[in-house]
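These are the residues of each chain, in order.
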There are 2 protein chains.
Amino acid sequence: MPKSLPSMPFQGANENQAEATTAPQDVSRESAATFEVLNKMREDILCCVLKPDQKLRFGELRQRYGTSVGTLREALSHLVSEGLARTEAGRGFQVAPVSLADFLDLSELRVYLETKTLADAIRHGTDAWEAEIVSSYFLLSKLAPPKADDPPQVKQEWAKRHKRYHDALVATCRSPWSLHFRSELFDQARRYHWLTMIHSRMHRRNEHLEIRDAVLARDVDRACSLLEEHIRTTVEQAVSDVPGLIHGNTRPLKLARRRKA
Amino acid sequence: MPKSLPSMPFQGANENQAEATTAPQDVSRESAATFEVLNKMREDILCCVLKPDQKLRFGELRQRYGTSVGTLREALSHLVSEGLARTEAGRGFQVAPVSLADFLDLSELRVYLETKTLADAIRHGTDAWEAEIVSSYFLLSKLAPPKADDPPQVKQEWAKRHKRYHDALVATCRSPWSLHFRSELFDQARRYHWLTMIHSRMHRRNEHLEIRDAVLARDVDRACSLLEEHIRTTVEQAVSDVPGLIHGNTRPLKLARRRKA
DNA sequence: TGTAAACGGATATTCGAAAGTTTCGAAACT
DNA sequence: AGTTTCGAAACTTTCGAATATCCGTTTACA
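What counts and how
Residues numbered from 1 in each chain as written. Chains lettered and ligands numbered in written order. Predicted model: local features only at pLDDT ≥ 70, side-chain atom pairs only at ≥ 80, totals over all residues. Heavy atoms only, no water. Helix = DSSP H or I, 4+ residues; strand = E, 2+ residues; numbered from the N terminus. Buried < 20%, exposed > 50% of the residue type's maximum accessible area, 1.4 Å probe, protein only. Areas by Shrake-Rupley, 256 points an atom, 1.4 Å probe, with all protein chains shown as cover. Pairing = 2+ DSSP bridges. Near = heavy atom within 4 Å. Polar contact = N/O pair within 3.5 Å; in protein donor to acceptor, adjacent residues only side chain to side chain. Nonpolar A, V, L, I, M, F, W, Y, C, P; charged D, E, K, R; others polar. Phe/Tyr/Trp six-rings, centres within 6.5 Å; stacked < 30°, edge-to-face > 60°. Core = buried A, V, L, I, M, F, W, Y, C linked by side-chain atoms within 4.5 Å. Contact = heavy atoms within 4.5 Å.

Turning our eyes to something else, we now look at the overall build of chain A. Counting secondary structure elements, chain A contains 10 helices and three strands. Sorting the 261 residues of chain A into buried and exposed places 47% on the buried side. Carbon together with sulfur atoms contributes 54% to the accessible area of chain A, which is approximately 13100 Å² in total.

If you want it as structure tokens, here you go:
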């Protein structure tokens, strides 16, 4: 029998909404328990509940997610493959580090993959594709971008809708591999957005709306340009916030977990 | 017996410096047993010892690799993330399928990533980089490309040197993410090369030599053109030489869909 | 005779404990 | 006092058994 549930707030509710996402080919479906733990842990890493470079001890994790070591190990293994965690032989797991160089690098590749997949998606767009874009944008627009002091649930809900919207844009792209890597990089970027959005007060236009309209108008060039700008603006915003991030309370960027002097 | 053996050399200075700027993700190092099983299994899938769509039963695998269920499960989990295996809840694991569409798709993305990383690698090439290219090419040239009836060990050795050579070419690329995805796609392509090379008798120039010389001459355009041609020729060869790939759009080539008598 | 439910064998999934390393702290020595 | 060595505690890793699930076959029923 499982041990008594940890005193964490009950998290079963928002999980139900994750119905069959239209995700094309990704990691199809894992077994029930492992898959659930994997998703929760990924969300926690992406939202920096589990902070960069944090050591992931099995004892704590086992208590937090209410599962066994073996299951945890399998989920962790997945996260390592996705680049969200690291492991060294005999020294357990830890959350993947973050760095400005890493963010710049992945953003550069993101620009290529996002525009490539978007262009192809527009060329092969269908009615259902347009409908999902309209729908997901509507849901996104109902929520204001999260602020620093918003509760985690609000942040996660916004992040979920944000991802759903961006996924919808490229859903009809014909290249499964491009979509796969795009999705992976999008998640990676989410981690950085989290760290920067909290501190940023930079004003931004309603870029999601502009992109939506350009896409629905089947204007490939304009849509791609807007999307590229969307990404690059976020990067610049992050770069300008780096000093604040370094000294911020989340101790995100530089790490060098020092041992005794 | 007391253990007086000094276990590991001390990490020293390298660890303390902030090295977070590099090395985002590559499955760096796994634990001993799991890592070993993972590598063996990946090699078996890449070389089609484990055939596409083959069901991976734990009983057989446990006997074949001499390890426990848990360890197997963790390795399988890795392979799923790498796209070399698939899993459905409750139905275990199976080798990822192959199809012409998949091969064309991943090859298209490969052209971009290979040329991008190669161009960057040439621009940031060092003496050590050149030396490794010369060395790895030499090792590759010592082995003739494997034929259909060569023993598996010969094939695997050639594949290893082939990968080492191509890795050497792009080693100094500054984009870890590009390198990461390039490596993943390279492995994926290896699977198809295996299936096609066996049947092919198409004559090919010594493309590896041409690429090597162009790279060492720091001729970015020529090197990238040659590399692109290298990839595209392989695709055409696959398309023309393997009837199974042409007709089986989403269908695997040949597989042992074993049924009870 | 065709359809559907139920049984039994086989397989996948999950779990906790044993075995093996690493890390931290304290005692001993220079 | 500073450095090294040794030992205990904590942690990770591995394993095989117990549990849950699925697939093929048989059986009941219309």
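On to the sheet that holds strand β1 (residues 55-56) of chain B, then. Residues and elements named next belong to chain B. A sheet is described by the order of its strands in space; here three strands give the open sequence β1-β3-β2, paired in antiparallel fashion. Since the sheet does not close on itself, it has two edges, and those belong to β1 and β2 (85-87), each with one partner. For β1 and strand β3 (residues 93-95), the ladder comprises two bridges, and the chain directions are antiparallel. In the strand pairing of β3, Lys-55 is matched with Gln-94.

For DNA strand D, the set of nearby residues contains 19 residues, the closest of which are A:Arg73, B:Ala33, B:Thr34, B:Thr71 and B:Arg91. Interatomic distance of 3.3 Å between a side-chain N/O atom of A:Lys55 and a phosphate oxygen of DNA strand D. Contacts to DNA strand D include B:Thr34, whose side-chain N or O atom sits 3.0 Å from a phosphate oxygen. Counting only elements with at least two residues in the surface near DNA strand D, the list comes to β1 (55-56) and α4 (69-82) of chain A together with α2 (32-46) of chain B. Looking at side-chain class alone, the surface near DNA strand D contains five nonpolar, eight polar and six charged residues.

All names here are of chain A. Tallied over the entire structure, the rule returns 10 aromatic pairs over all chains. A ring pair is formed by Phe-58 and Phe-93, whose centres lie 6.0 Å apart and whose planes are at 80 degrees; its orientation type is edge-to-face. One end of the pair, Phe-58, is in helix α3 (residues 58-65); the other, Phe-93, is in strand β3 (residues 93-95), with 35 residues separating them in the sequence. Judged by its relative accessible area of 22%, Phe-58 falls in the partly exposed class. Residue class for Phe-93 comes out buried when judged on its relative accessible area of 2%.

All right, on to unusual backbone geometry then. The phi dihedral of A:Cys48 is positive, around 60 degrees, even though this residue is not glycine. In this structure, A:Cys48 sits in the loop between α2 (32-46) and β1.

Before going further, it helps to spend a moment on the nonpolar core. Within the largest apolar cluster, 57 residues are counted, with the highest numbers of intra-cluster contacts made by B:Leu118, B:Leu169 and B:Val215. Those residues in contact with B:Leu118 that lie beyond four places of it in its chain are B:Leu169, B:Val170, B:Val215, B:Ala223, B:Cys224 and B:Leu227. A:Trp129, A:Trp158, A:Ala168 and A:Leu226 belong to the second-largest nonpolar core, a separate cluster that totals 23 residues.

Glancing now at the protein's contact with DNA strand C. Close to DNA strand C lie 22 residues, the nearest being A:Ala33, A:Thr34, A:Thr67, A:Thr71 and B:Arg73. A share of 83% is what sugar and phosphate atoms reach among the atoms of DNA strand C within 4 Å of the protein. One nitrogen or oxygen atom from the side chain of A:Thr71 is found 3.1 Å from a phosphate oxygen belonging to DNA strand C. Within the side chain of A:Arg91, one N or O atom sits 3.4 Å away from a phosphate oxygen of DNA strand C.

Turning next to the sheet that holds β3(A). All names here are of chain A. With antiparallel pairing, three strands are arranged side by side in an open sheet as β1-β3-β2. Looking along the sheet, the strands with just one partner apiece sit at the ends: β1 and β2 (85-87). Sheet topology note: the β2/β3 ladder contains three bridges and is antiparallel. Among the inter-strand pairings, Thr-87 is bridged to a residue of β3, identified as Phe-93.

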